[in-house]
Protein chains: 2
Amino acid sequence: MTQTENATTLSRTLPQTDRTRHNRLREQGSLERSDLEAILDAAFVCHLGVLVDGRPVVVPTVYGRDDTRLYLHGSVASRSLAAEPDAPICVTVTHVDGLVLARSVFEHGVNYRSAMIHGVPRTVTDPDEKLAGLQRLTEHATPGQWTYARRPNRRELAATTLLVLSLDEASVKIRTGAPDDGAGPDAVLGLWAGTLPLTSRWGAPTADPLLPPGITAPAHIVARAGTRQG
Amino acid sequence: MTQTENATTLSRTLPQTDRTRHNRLREQGSLERSDLEAILDAAFVCHLGVLVDGRPVVVPTVYGRDDTRLYLHGSVASRSLAAEPDAPICVTVTHVDGLVLARSVFEHGVNYRSAMIHGVPRTVTDPDEKLAGLQRLTEHATPGQWTYARRPNRRELAATTLLVLSLDEASVKIRTGAPDDGAGPDAVLGLWAGTLPLTSRWGAPTADPLLPPGITAPAHIVARAGTRQG
């Protein structure tokens, strides 16, 4: 496995830069590469920030990864993926895990896990590299699907924009657990406080109405129904 | 109700600008204000894009709204909320509704609902306006909580950054339903195709471990458990 081999050469601690250093709420910052990887692996849609005519534009788009790079692609984001060469982008992946309901409005918050990646992406032009990146991306969203579905042909590859972004400059923030005012002056108010968790799950596969009878969903899709996502 | 009164004066169709006009995948664009409102009301965390030192930065943060404005606030995003005056921002709210599993990898996609709002925000300084905005924000995330929890005092209000952003320039995209290759040449491959839906639900409230015994969760929190979010 390439992934395992590469992993041994990577620092398990994320390097810090002016952009990724945690300025505040220090307790929520994580420098563990494993946290970054877990956050990226538990989602398949990111929010990509680019500059368009000097203004920020944030678009949702799908992604995949290997040990050192993020792959970005998406029909959703065509205008953004065509951003100028050498232009910096920011990719953010967020899991919303629930509401933090404190005694005071001021202490209300959100339990979440978020990764932010900064860098200058490279547009992949080599067909083999593009195919390998699309494989990562497809398998990231739906493990087993690259083997099952018809793979891109030359024409489709040419019509696909794929960006690759280094994971070198990444920032991770995580908040978990109870509100912070349980031992403060508001504790005497006698108000309930706690969290309201939010969980995302895959449902049962829904067949395309145009599907001829007798074609059943493959095991790698069926097995996902009912499992947690995120 | 202010909300209802204002609504009658608003065009139900979203105005189009160079930034919000749908350049491609036209069938996915919506110009219905009701779609924008439904997308905003079904979430409470957005992705806020700002420029920091000339580079895009995308941060998750909480929001609320009234008929014409979005309210943004969040400890998560302090550096970003302190962006320069008159600097444009972009706020994107996305619901990921599931995977679109086509016969070909090329036609794979995501069912989603997304709203993107462009504008130059205003920092709220008036304490009454700030309080009203925080009420919108609190009630947006957790209806009933503004009445239940202790409201912000003067010191807390001063420590809170609240931005207000016009909803005038908004773009909505929605994709639903089956893959698009059911009537194409790949239909003969005999592969299963369809969608794998993704649903987010509220769990049961979890009490703060520091909560004294005998304090039960209020009805507006308990009633949410098990309901769909998004």
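Our subject is the structure listed above.
Reading guide: rules and limits
- Residues numbered from 1 in each chain as written.
- Chains lettered and ligands numbered in written order.
- Predicted model: local features only at pLDDT ≥ 70, side-chain atom pairs only at ≥ 80, totals over all residues.
- Heavy atoms only, no water.
- Phe/Tyr/Trp six-rings, centres within 6.5 Å; stacked < 30°, edge-to-face > 60°.
- Helix = DSSP H or I, 4+ residues; strand = E, 2+ residues; numbered from the N terminus.
- Buried < 20%, exposed > 50% of the residue type's maximum accessible area, 1.4 Å probe, protein only.
- Least-squares fit on C-alpha atoms with pLDDT ≥ 70 in both.
- Contact = heavy atoms within 4.5 Å.
- Buried area = accessible area lost by both parts, 1.4 Å probe.
- Salt bridge = Lys/Arg side-chain N within 4 Å of Asp/Glu carboxyl O.
- Polar contact = N/O pair within 3.5 Å; in protein donor to acceptor, adjacent residues only side chain to side chain.
- Pairing = 2+ DSSP bridges.

Re the packing of aromatic side chains
For any pair of aromatic rings, the description consists of the separation of the ring centres together with the inter-plane angle of the planes.
Residues and elements named next belong to chain A.
Part 1 of the argument: For the structure shown, the criterion picks out two aromatic pairs over all chains.
Part 2 of the argument: Ring geometry for F44 versus W202: centroids 5.8 Å apart, planes at 20°, classification stacked. Highlighted residues: F44 in the loop between helix 2 (33–41) and strand 2 (45–52) and W202 in strand 10 (residues 194–202), separated in sequence by 158 residues. No difference in accessibility class separates F44 from W202, as the two residues are buried.

Brief notes about the relation of the copies chain B and chain A
Part 1 of the argument: Of the transformation superimposing chain B on chain A, the axial component is 0.0 Å and the angular component is 180°, with the fit at an RMSD of 0.0 Å. Look at the turn and shift together and you get a two-fold axis relating the two. Within chain B, the C-alpha atom positioned nearest to the axis of rotation is that of B:S200, 2.0 Å from it.
Part 2 of the argument: Interface overlap between copies: 99% of the residues of chain B at the interface are likewise at the interface in chain A, consistent with a symmetric, same-surface contact.

Considerations on the environment of B:R33
Part 1 of the argument: Considering the arrangement of structural elements, one finds B:R33 in helix 2 (residues 33–41).
Part 2 of the argument: B:R33 sits 138 residues away from B:S171 along the chain, and the two C-alpha atoms are 9.7 Å apart.

Focus: the interface of chain B and chain A
Note on interface size: it is often stated as the accessible area lost on association of the parts.
Part 1 of the argument: Taken together, the contacts link 94 residues of chain B with 94 residues of chain A.
Part 2 of the argument: Together chain B and chain A conceal approximately 7700 Å² of surface at their shared face, both sides included; 65% is due to carbon and sulfur atoms.
Part 3 of the argument: Applying the counting rule to chain B against chain A returns four salt bridges.
Part 4 of the argument: Here B:R150 ties to A:D186 by a salt bridge, and the two come within 2.8 Å at their closest N and O atoms.
Part 5 of the argument: Remark: the boundary between chain B and chain A carries 25 residue pairs in polar contact (both at pLDDT 80 or more).
Part 6 of the argument: For the side of chain B that touches chain A, the element with the highest residue contribution is strand 10 (residues 194–202) of chain B, accounting for nine residues.
Part 7 of the argument: Relative to strand 10 of chain B, strand 10 of chain A is paired through five bridges, and the arrangement is antiparallel. Across the sheet, the residue bridging to A:R201 is B:T199, located in strand 10 of chain B.

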